[in-house]
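These are the residues of each chain, in order.
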Amino acid sequence: MINLLPPIDKERFRQEQVFRLIGIVGMVLVFSLISLFLLLLAIRIYLAGQIQTRELMIALQKKELARQELLKKNIQEKNSRVREMLSFYQNQSILSETFQEISALLPEGVYLTSLTYTPPLLVKEEATEGRGEKKETKNAKVFLAGFAPTRKEVLALRRNLKSKESFLGLYGPLSNWVIPTDVNFSFQFEIPSVKGQR
């Protein structure tokens, strides 16, 4: 095709085409940049949502872990209380049996003025090896004091207490034997705290 336009118009036409081409390339570039910006913005929003979801899950897991730790602590406390109660009730049955045995062993005319029971956890004894260290014993201690009309009843009570295999280490002070009548006596002995030992 022959272009019959004057050179000025040709130049203007060529410049218009270059401007159109620059405009089209610019618009494509602008749309590409806008698309890239929107794509990056969408990725940022998606990642922010994912991070927020993970943080929320971590916070919930921490809360659940804290709740489980509190529950575990409560269970341990309740288990400890149950063990203490079980030990207490086991000792109560041993204690009531011991009281019944002691009352059955009292000769006629003899009565108790004091009876003290010390559970094994509270009993501390001096070591017999002379080192002066303290050791715990697994036996409970019983101390009883009372009144007997004569020394003969005190001897009978001592014999009765010694005859019981469950009463260990029977001890009575010399003051039990000095006065022949109206005797205020006392005895001390140990009993095994576990029923299986009795």
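What you are looking at is a predicted structure, and each value in this text was computed from that prediction instead of being measured.

> Please explain the packing of aromatic side chains as it appears in this structure.
For any two aromatic rings, the description comes down to two numbers: the centre-to-centre distance and the angle of the planes. Scanning the entire structure with this criterion turns up four aromatic pairs. Their ring planes at 40 degrees and their centres at 5.5 Å tell us that Tyr-111 and Phe-147 sit as a pair that is tilted. You can see Tyr-111 sitting in strand S1 (residues 111-118) and its partner Phe-147 sitting in strand S4 (residues 139-150), a full 36 residues away along the chain. A relative accessible area of 46% places Tyr-111 in the partly exposed class. One aromatic cluster is present, built from ring pairs that chain together Trp-177, Phe-185 and Phe-187.

> Would you take a moment to explain the pattern of salt bridges for this structure?
A pair can form between side chains of opposite charge whenever their charged atoms are brought close. Per the stated rule, a full pass over the model turns up four salt bridges. Glu-64 is the partner of Arg-67 in a salt bridge, and the nearest nitrogen-oxygen pair spans 2.7 Å. Taken together, the residues span about one helical turn, with Arg-67 and Glu-64 both in helix H1 (residues 7-105) at a distance of three residues. Salt-bridge contacts for Glu-190 lead to Lys-141; the nearest nitrogen and oxygen are separated by 3.6 Å. Taken together, the positions of Glu-190 in strand S6 (residues 181-192) and Lys-141 in strand S4 put the pair 49 residues apart, joining distant regions of the chain. Residue classification places Glu-190 among the buried positions, given a relative accessible area of 15%.

> Help me understand helix H2 (residues 151-163) in this model?
An α-helical segment advances 3.6 residues per turn. Residues three or four places apart therefore align on the same side. In this model H2 runs 18 Å from its N-terminal to its C-terminal C-alpha over 13 residues, within 8% of the 18 Å that 1.5 Å per residue would give. Buried within H2 are the following residues: Glu-153, Val-154, Ala-156, Leu-157 and Leu-161. The buried side chains of H2 occupy one side of the element, clustering within an arc of 160 degrees when seen end-on. Turned more than 90 degrees from where H2 packs its buried face, Lys-152, Arg-159, Lys-162 and Ser-163 sit exposed.

The rules we used
The numbers attached to residues start from 1 for each chain and follow its sequence in the written order. A pLDDT threshold of at least 70 governs which residues receive local features in this predicted model, and a stricter bar of 80 or more applies before side-chain atom pairs are shown or counted, although totals over entire chains, interfaces and linings include all residues. Side-chain metrics rest on all non-hydrogen atoms present in the structure, leaving aside hydrogens and water. Between rings of Phe, Tyr and Trp, where Trp is taken as its six-membered ring, a pair exists when centres lie within 6.5 Å; planes separated by under 30 degrees are stacked, by over 60 edge-to-face, and by other angles tilted. A run of H or I in DSSP becomes a helix once it reaches four residues, and a run of E becomes a strand once it reaches two; helices and strands are each numbered from the N terminus. Between buried and exposed lies partly exposed: a residue is buried under 20% and exposed over 50% of the maximum accessible area for its type, with that area taken using a 1.4 Å probe on protein chains only. For this analysis, a salt bridge means a side-chain nitrogen from Lys or Arg found within 4 Å of a carboxyl oxygen belonging to Asp or Glu. Given the number of residues in a helix, its expected span is that number minus one, multiplied by 1.5 Å. The arc in question is traced by the directions running from the helix axis to the C-beta atoms.

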